[in-house]
Amino acid sequence: MKVSVVIPVSNDLRLKRCIDSVDEKVEVVISLNKPSIRIKEQVNFMLRQKKEKKKYQDIKFVVCEIKKPSIAGAYNNGIKHAAYDHIFLMDSDCIFEKKCIRKLENNLGNRLLSKGKVIFTANSWVTKIVAKAREFHTSDKVSAYSPPLLFSKKIISYIGGYYFHPKLCWLEDSEFDKRVRNAGLEIAYDPTANVYHPPLSPFSDLRSAFWYGVGKRIGVELGIHDKPTGIIGSINKYVVGASKEKGVFVGVYLFIWKVGLLSGYFLQSILKLRK
């Protein structure tokens, strides 16, 4: 299969579990994002296993690296080193359901993007609330967010001449999605092409919200992101809207999540947490 699976990774040792779930003959591009020593050791271990013919015989590995941490930069570098036209974006903390890659490849047809679904798992009532909140943000709608997203490199000529904005550290996929929508590109959707995300604690998810806010501010200052909705708009969208769809606890949690995002947004303007 002429598909390059691009996986950015910095210090997430779940990378091996992700790659172990690949069930097709594909190229896997491990895009090291200012990697930790332990990740480099893990990658070298997998490469040795392939060389010694103990595992990964159906996978062609490509490893590339950037020194300054940036998800957008890691995606771009991975795509640059990918041999094939069809790019599958994957997160290191997720695993593939059987036939996910093949389904998205077959689903692409003559279009430029093919999208599957993230299944957010839970192991307690608290992580179930976070999972439902993530569903409301992402997997309940068809978008060009990753993962799982497969697209043709040809898309670059339709979306402004670049894949991911190199100055964005967070929310790079939402800015990508915005350009896809502005270009009027059809996203072929297959809700049966699934990847699974591990349970998220509220602390981890709210920390992400804060840094998304930082990324939002950077994007606004660059003129490529819209300003976030304020508190009143968030009450209407999250407390009211999400509560109807997902339950009151999810609605309240999403409001807290949005407050976390706004905190990062405003603190970035004052403290310049990320330059």
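Everything below is about the structure printed above this text.
Residues numbered from 1 in each chain as written. Predicted model: local features only at pLDDT ≥ 70, side-chain atom pairs only at ≥ 80, totals over all residues. Heavy atoms only, no water.

A. Highlighting the sheet that holds strand 2 (residues 27-33). Across the sheet, eight strands lie side by side as 3-2-1-4-7-6-8-5; this open sheet has mixed pairing. Among the strands making up the open sheet, the edge pair consists of strand 3 (60-66) and strand 5 (95-96). Note: strand 4 (residues 86-89) against strand 7 (residues 149-152), four bridges, orientation antiparallel. Its bridge partner lying in strand 7, H86 is registered against S152. Contacting strand 1 (3-9), strand 2 and strand 3, helix 2 (residues 37-51) crosses the sheet at an angle of about 160 degrees to strand 3. The sheet contacts of helix 4 (residues 100-108) involve strand 1, strand 4, strand 5, strand 6 (113-120), strand 7 and strand 8 (187-197), and relative to strand 8 the element is tilted by about 170 degrees. (Pairing = 2+ DSSP bridges. Helix = DSSP H or I, 4+ residues; strand = E, 2+ residues; numbered from the N terminus. Contact = heavy atoms within 4.5 Å. Axes fitted to C-alpha atoms, helices over the stretch in contact; angles between N-to-C directions.)

B. A look at the packing of helix 7 (residues 202-222) against helix 9 (residues 248-271). At a minimum axis distance of 7 Å, the contact between helix 7 and helix 9 shows a crossing angle of 45 degrees. Taken together, the axes of helix 7 and helix 9 are oblique relative to one another. Crossing handedness for the pair helix 7 and helix 9: right-handed. Taken together, the residues of the contact of helix 7 with helix 9 break down into 14 nonpolar, six polar and four charged. (Parallel < 35°, antiparallel > 145°, perpendicular 65-115°, else oblique. Left-handed = near helix turned anticlockwise from the far one by under 90°. Nonpolar A, V, L, I, M, F, W, Y, C, P; charged D, E, K, R; others polar.)

In short, geometric facts, not functional conclusions.
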